[in-house]
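Summary of structural features
One-letter residues, chain by chain:
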Amino acid sequence: MKIGIVGAGFIGRAIAAAASGQGHEVMIANSRDPRTLGSTAVALGCATGTAEEAARFGEVVVVSIPFSAISGLDPAPYEGKIVIDTCNHYPARDGEDAVLDANEDTTGGRLAQHLPGARVVKAFNAILQGDLVTDPRPAGDPERRALPIAGDDAGARAVVAGLLDEWGFDVVDAGPMAESWRFERGKPGYCIRLDRAGMEQALAAARKGVAAPYGSWRRDRGTPAAQPARGIAGRGAMDIVDGQFHLGLEHGTEATLAAMDALGIRAMIAYESWGQIGGAPSPAVMLEGGHARAIPLRAVEAAILHPDRFAFVQRITRHDPDLEAFMRITAQSPGCRGFRVILGSRAERDALLAGDWDRAFAVAADLGLPVAFLSARLPGLAREIARRFPGLTLVIDHCGWAGSTGEWDEVIRLGDLPGTVLKWSHPNRTFRHFDDPGAMEAQGLLDAVASFGAGRIFWASDATHEETRQSWAESLAAVRYHPGLGEAERGLILAGTVRRVFGLGAPGGAATG
């Protein structure tokens, strides 16, 4: 079957992956130039096109865009098509709508009104994007999850039900579109793992105008199925977490896990980067003006499949027209534990001083998530950020990216700012400026401990972007066997600090705060 997908967000990409995996022909589109989806197409095994092209391409068309954007769809290419509507109305993003909040109208009904020639079916709106990956089960499995659908065309509902069954879910048919309010935001069956009987009960229990508190459906979700035991995983005399590692195409999740197990590394903070395409990071969605919004395809996948092993930080840009919404939505993604800001030019440094980056830092502070910060002339900029946002946890990337002995002294003095945390990574780059780089690197870590305290320093190999010939194992050994550190200090620098700062779960336990 040919399936067009309009919307390349988390849900759209997850459906594209499921459809491609079952042999369907898929074309995915976003709201911008399809050329911005090059890396997405490679990862998902699908074609790209404009929204109109994807709609004309599909026998079934999935509309997975913000609810407020449906009025911008051209109805013509949807004429006669089966349209799967995954949209939800979120007042903070889409604006207040008292009629929808009272359940006197439905989001699917609104889309059907806008696309009068389409056969609209509401589906996939009552499941979190991560669950689309982890929850599918074969038919007959006692743990198989059920998803609700609704629509006015019985034939279209049957086709969509067949796709859901093929992709690993039981189906509960709620009937006509007017009944789809029963599984919209805040209702008992919304984004909760339920079997067929449980979903039928949840739909029956729904009441108009009564909604659960925002976000409550994200709690008590259980955990993905346990992964097969690895012969050497979890070994080692101490807990070790790598605070930065680039996931890319050349080293997949399983290969990375194997290397982690060999080194005794129990978890890591991923920062996704496949390199640069045309000067922009990849994978990314291109924005107006040649700016890029990074997208964490492999990082989210790794965090879903191995939540105790992988988390990630998301790079952001002040040029993103939907920056706040993007940050808040991404913060809810499986594994997202913070953000990253990289200032690569004098213009961006000047913009920070002028307050143009304030919105990004303010949102991160409001979300309670740390920001990893990298820039030339970092110490002075870090002090300005700390002054404006005293409640923000600011991670000083890569030993402050110090380029001289004087700059390293300024980095060390940042220890007087209680909200700062030092990422001990790429010390080779910093201490190559000293007369005896090896000796000064060893002393530099002790100086950092004296200033920040071991509870505000964490090790990160950044092994995939190491500028010297130092191996991942050698980077770890330089801290693990540092003669000047006590065992308690090693424990904090190699795991305790990063678990606290990024809210990672303790080994085999609950999340740390």
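Since we're looking at a predicted model, the values are computed, not measured.

1. Considerations on the packing of aromatic side chains
The full count for this structure, using the stated rule, is eight aromatic pairs. Ring geometry for F124 versus W167: centroids 5.8 Å apart, planes at 35°, classification tilted. With F124 in the loop between β6 (119-122) and α7 (129-134) and W167 in the loop between α8 (154-166) and β8 (170-173), this residue pair connects regions lying 43 residues apart in the sequence. Between W408 and W424, the aromatic rings sit 6.2 Å apart at their centres with planes inclined by 70°, giving edge-to-face as the arrangement. Of this pair, W408 sits in helix α16 (residues 405-413) while W424 sits in strand β19 (residues 420-424), and the two are 16 residues apart along the sequence. Summarising the burial analysis for this pair, W408 and W424 share the class buried. Among the aromatic residues, ring-to-ring pairing joins F361, F373 and F389 into one connected group.

2. Observations regarding the pattern of salt bridges
Scanning the entire structure with this criterion turns up 32 salt bridges. A salt bridge links R93 to D94; its shortest N-O distance comes to 2.9 Å. Of the residues examined, R93 reaches a relative accessible area of 31% and is grouped as partly exposed. Across the pair D131 and R145 runs a salt bridge whose closest N-O atoms are separated by 3.0 Å. Here D131, found in helix α7, pairs with R145, found in the loop between α7 and β7 (146-151); they are 14 residues apart in sequence, far enough to count as distant. We classify R145 as buried; its relative accessible area is 3%.

3. With respect to helix α13 (residues 346-353)
Each turn of an α-helix holds 3.6 residues, which means side chains three or four residues apart point in the same direction. All of the buried residues along α13 are E348, R349, A351 and L352. The buried residues of α13 occupy an angular sector of 160° when the element is viewed end-on, so they sit on one face.

4. Re the environment of A463
The residue A463 is located in the loop between β20 (457-459) and α19 (472-480) in this model. Classification of A463 by relative accessible area gives partly exposed; the value is 26%. For the pair A463 and Q244, spaced 219 residues apart in sequence, the C-alpha to C-alpha distance is 8.2 Å. Not counting the four nearest positions on each side in its chain, A463 is found in contact with F245 and W472.

5. Focus on the packing of α16 against helix α18 (residues 437-452)
Pairs of packed helices are described in terms of their axes, by the angle between the two and the distance that separates them. At a closest axis distance of 9 Å, the pairing of α16 and α18 adopts a crossing angle of 35°. On α18, the residues that touch W408, V411 and I412 of α16 are G444, D447, A448, S451 and F452. Of the residues that constitute the contact of α16 with α18, the class distribution is five nonpolar, two polar and one charged.

6. Topic: the sheet that holds strand β1 (residues 2-6)
Either a parallel or an antiparallel arrangement is found when strands of a sheet pair, and the pairing is made through backbone hydrogen bonds. Reading across from one edge, β3-β2-β1-β4-β5-β6-β7-β8 is the order of the eight strands in this open sheet, with mixed pairing throughout. If you trace the sheet from one side to the other, it starts and ends with β3 (47-48) and β8, each paired once. Relative to β3, strand β2 (residues 25-29) runs parallel, the two sharing two bridges. Bridge pairing in β3 links M27 to A47. Lying over the sheet, α8 contacts β4 (60-63), β5 (82-85), β6, β7 and β8, oriented at roughly 160° with respect to β7. Helix α9 (residues 196-205) rests against β7 and β8 of the sheet, and its axis sits at about 25° to β8.

7. Structural notes on unusual backbone geometry
One non-glycine residue with positive phi stands out, namely H398, at about 50°. With respect to the secondary-structure elements, H398 resides in the loop between β18 (394-396) and α16. Given a relative accessible area of 3%, H398 falls into the buried group. Unusually for a residue other than glycine, H426 sits at a positive phi of about 50°. Among the structural elements, H426 can be located in the loop between β19 and α17 (427-431).

Cut-offs used in this document
Just so you know, the residues in each chain are numbered from 1, in the order the chain's sequence is written. At least 70 in pLDDT is required for a residue's local features to be given in this predicted model, at least 80 for side-chain atom pairs to be given and counted, and no such filter applies to totals for whole chains, interfaces and linings, which use all residues. Hydrogen atoms and water are omitted, and side-chain values are computed over all heavy atoms in the structure. Planes of paired rings set the category: under 30 degrees apart is stacked, over 60 is edge-to-face and the rest tilted, where pairs are Phe, Tyr or Trp rings (Trp by its six-membered ring) whose centres lie within 6.5 Å. In this description a helix means any DSSP run of H or I spanning at least four residues, a strand means any run of E spanning at least two, and both kinds are numbered starting from the N terminus. Buried means the residue's accessible area, taken with a 1.4 Å probe over protein chains only, is under 20% of the maximum for its type, while exposed means over 50%, and partly exposed covers the values in between. We count a salt bridge whenever a side-chain nitrogen from Lys or Arg sits within 4 Å of a carboxyl oxygen from Asp or Glu. As used here, the arc belongs to the directions running from the helix axis to the C-beta atoms. Contacts are assigned to residue pairs that have any heavy atoms within 4.5 Å of one another. Fitted lines through C-alpha atoms serve as axes, helices being fitted only where they are in contact, and the angles separating the N-to-C directions of these axes extend from 0 to 180 degrees. Only Asp, Glu, Lys and Arg are considered charged in this grouping, and only Ala, Val, Leu, Ile, Met, Phe, Trp, Tyr, Cys and Pro are considered nonpolar; every other residue, Gly among them, is considered polar. Strands pair, by our definition, only if DSSP identifies at least two bridges between them.

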